[in-house]
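Secondary and tertiary structure notes
This is what each chain is made of:
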Amino acid sequence: MFVHPQFNPIAFSIGPLAVHWYGLMYLCGFLAFVFLAKRRVPLFPGIAVEDVDNLLTWAVLGVILGGRLGYVLFYKPEYYLHNPAEIPAIWEGGMSFHGGFLGVLLTCFIYARHKGWKFFDLMDFVAPAVPPGLAFGRLGNFINGELWGRPTDGWWGVVFPQAGDRLPRHPSQLYEMALEGIVLFSVLWWFASKPRQRGAVAALFMFGYGAARFTVEFAREPDRFLGKLALGLSMGQWLCVPMLVLGVLLYWWSIGKPTAMETMRNIKKN
């Protein structure tokens with residue numbers, strides 16, 4: 001039986017500056033996005049390398065603000081209604097992927113309007129470069145010993161002392177790292193390596209993430225302050241349902257549309 005080693009949340013310090021593991025994972029995710037997105041620039045004639053750097057700046061803002069507000073609204077609205085001064089306290093934990101996702105969608109929509117691009121062309125460009133960041137984030141969750149899984153009798157179970165019960169549990173953070181990060185990235189990168197109709201790559205990302213997260217949630221311990229909701233599903237699963245539905249609808253909508261490469265090439269010529 002493997003006991004979580006209780007890593008020091010601080011990866012390293014430089015004088016008075018302490019760099020936390022979770023912050024380091026965010027940094028690795030952003031760097032991975034820049035590296036991969038710049039490799040996709042030649043496929044999109046209307047996008048320049050400097051646009052990737054600008055998008056990252058906008059995306060960081062969307063992830064942080066959207067992730068925090070999503071957690072406040074989706075998970076603890078009543079608590080923060082009575083304690084509004086704690087909303088900015090992101091250093092105490094509490095970020096929502098779905099909120100961060102909405103934040104990134106909004107910033108990409110604004111940036112696309114600013115550049116005169118089609119929104120889904122930009123999303124098709126961005127989507128394949130996102131999953132590695134998700135993988136790093138889940139690795140950060142595991143290092144911090146948070147968001148652990150439900151009890152298991154499997155030999156791979158991990159005891160998370162923070163859970164307070166000494167039961168071996170699913171390392172659901174690593175499941176999510178594998179499915180949301182590695183598998184989803186592999187599928188998207190392959191799918192996006194050829195011209196696809198506008199919105200098809202974004203649709204696959206939405207459906208793929210929704211399916212991966214929905215599945216892993218069966219092994220992940222629900223938030224104790226929420227427990228299971230309607231139909232025995234967790235909040236994470238209910239938030240994935242719209243992604244699954246919209247992913248299917250978006251792919252259906254994309255059929256017959258021009259490719260993002262064609263649209264971007266026309267914009268560049270004009």
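That block above? That's the structure.
These lines cover the structure that appears in this document, whether it is placed above or below.

Basis of the calculations
Residues numbered from 1 in each chain as written. Predicted model: local features only at pLDDT ≥ 70, side-chain atom pairs only at ≥ 80, totals over all residues. Heavy atoms only, no water. Helix = DSSP H or I, 4+ residues; strand = E, 2+ residues; numbered from the N terminus. Buried < 20%, exposed > 50% of the residue type's maximum accessible area, 1.4 Å probe, protein only. Contact = heavy atoms within 4.5 Å. Areas by Shrake-Rupley, 256 points an atom, 1.4 Å probe, with all protein chains shown as cover. Core = buried A, V, L, I, M, F, W, Y, C linked by side-chain atoms within 4.5 Å. 1 Å grid on protein atoms, 1.4 Å probe; cavity = no way out; pocket = protein on both sides within 12 Å on 5 of 7 lines; lining within 4 Å. Points joined across faces, edges and corners; volume = space filled by probe spheres on them. Nonpolar A, V, L, I, M, F, W, Y, C, P; charged D, E, K, R; others polar. Axes fitted to C-alpha atoms, helices over the stretch in contact; angles between N-to-C directions. Parallel < 35°, antiparallel > 145°, perpendicular 65-115°, else oblique. Left-handed = near helix turned anticlockwise from the far one by under 90°. Pairing = 2+ DSSP bridges. Expected span 1.5 Å × (residues − 1).

This paragraph deals with the overall build of the protein. From N to C terminus, the protein includes 10 helices and five strands. Once the C-alpha set of the protein is aligned to its principal axes, its extents read approximately 65 × 50 × 40 Å. Every one of the 270 residues in the protein was classed for burial, and the buried ones make up 45%. A sequence separation of at least 24 residues applies to 69% of the contacts in the protein between residues at least 6 apart. A total of about 13900 Å² of accessible surface is found on the protein, and carbon and sulfur atoms cover 69% of it.

Glancing now at the nonpolar core. Formed by 40 residues in total, the largest nonpolar core has its most connected members in Phe 33, Ile 47, Val 52, Leu 55, Leu 122, Phe 125 and Phe 205. Broken down by element, the residue count for this core peaks at eight residues, all from helix α8 (residues 200-216). In contact with Val 52, other than residues within four places in its own chain, are Phe 33, Val 34, Ala 37, Lys 38, Val 41 and Phe 125. Counting six residues, the second-largest nonpolar core is a separate cluster that includes Tyr 71, Val 72, Tyr 75 and Tyr 80.

Within this model, the second largest pocket holds a volume of roughly 320 Å³. Around the second largest pocket, the lining comprises 18 residues; the ones closest to its centre are Phe 101, Leu 102, Leu 105, Met 206 and Leu 246. Those elements giving two or more residues to the lining of the second largest pocket turn out to be α4 (97-115), α5 (119-126), α8 and α9 (235-254). It is α9 that provides the largest number of residues to the lining of the second largest pocket, a total of six residues. The class makeup of the residues in the lining of the second largest pocket is 17 nonpolar, one polar and no charged.

Time to look at the packing of α4 against α5. Packing of α4 against α5 leaves a shortest axis separation of 9 Å and a crossing angle of 125°. Comparing the axis directions of α4 and α5 gives the class oblique. The element α4 and its partner α5 pack so that their crossing is right-handed. Note on element contacts: α5 touches α4 through Phe 119, Leu 122 and Met 123, opposite Leu 105, Cys 108, Phe 109, Tyr 111 and Ala 112.

We now examine unusual backbone geometry. Even without a glycine there, the phi angle at Gln 6 is positive, about 55°. Relative to the assigned elements, Gln 6 resides in the loop between β1 (2-3) and β2 (10-14). A positive phi angle, near 55°, is found at Leu 147, a position not held by glycine. Considering the arrangement of structural elements, one finds Leu 147 in the loop between α6 (131-144) and β4 (158-159). Judged by its relative accessible area of 30%, Leu 147 falls in the partly exposed class.

Time to look at the pairing of β2. Here β2 pairs with strand β3 (residues 17-20) via four bridges, running antiparallel. Its bridge partner lying in β3, Phe 12 is registered against Val 19. The antiparallel hairpin formed by β2 and β3 contains two residues in its connecting segment, where Gly 15 sits at a positive phi of about 65°.

Our focus in this paragraph is helix α1 (residues 21-40). Across its 20 residues, α1 extends 29 Å between first and last C-alpha, which sits within 8% of the 28 Å expected from 1.5 Å per residue. Looking only at α1, the buried set comprises Leu 24, Met 25, Gly 29, Ala 32, Phe 33, Val 34, Leu 36, Ala 37 and Arg 40.

Coordinates in, geometry out; function isn't part of it.
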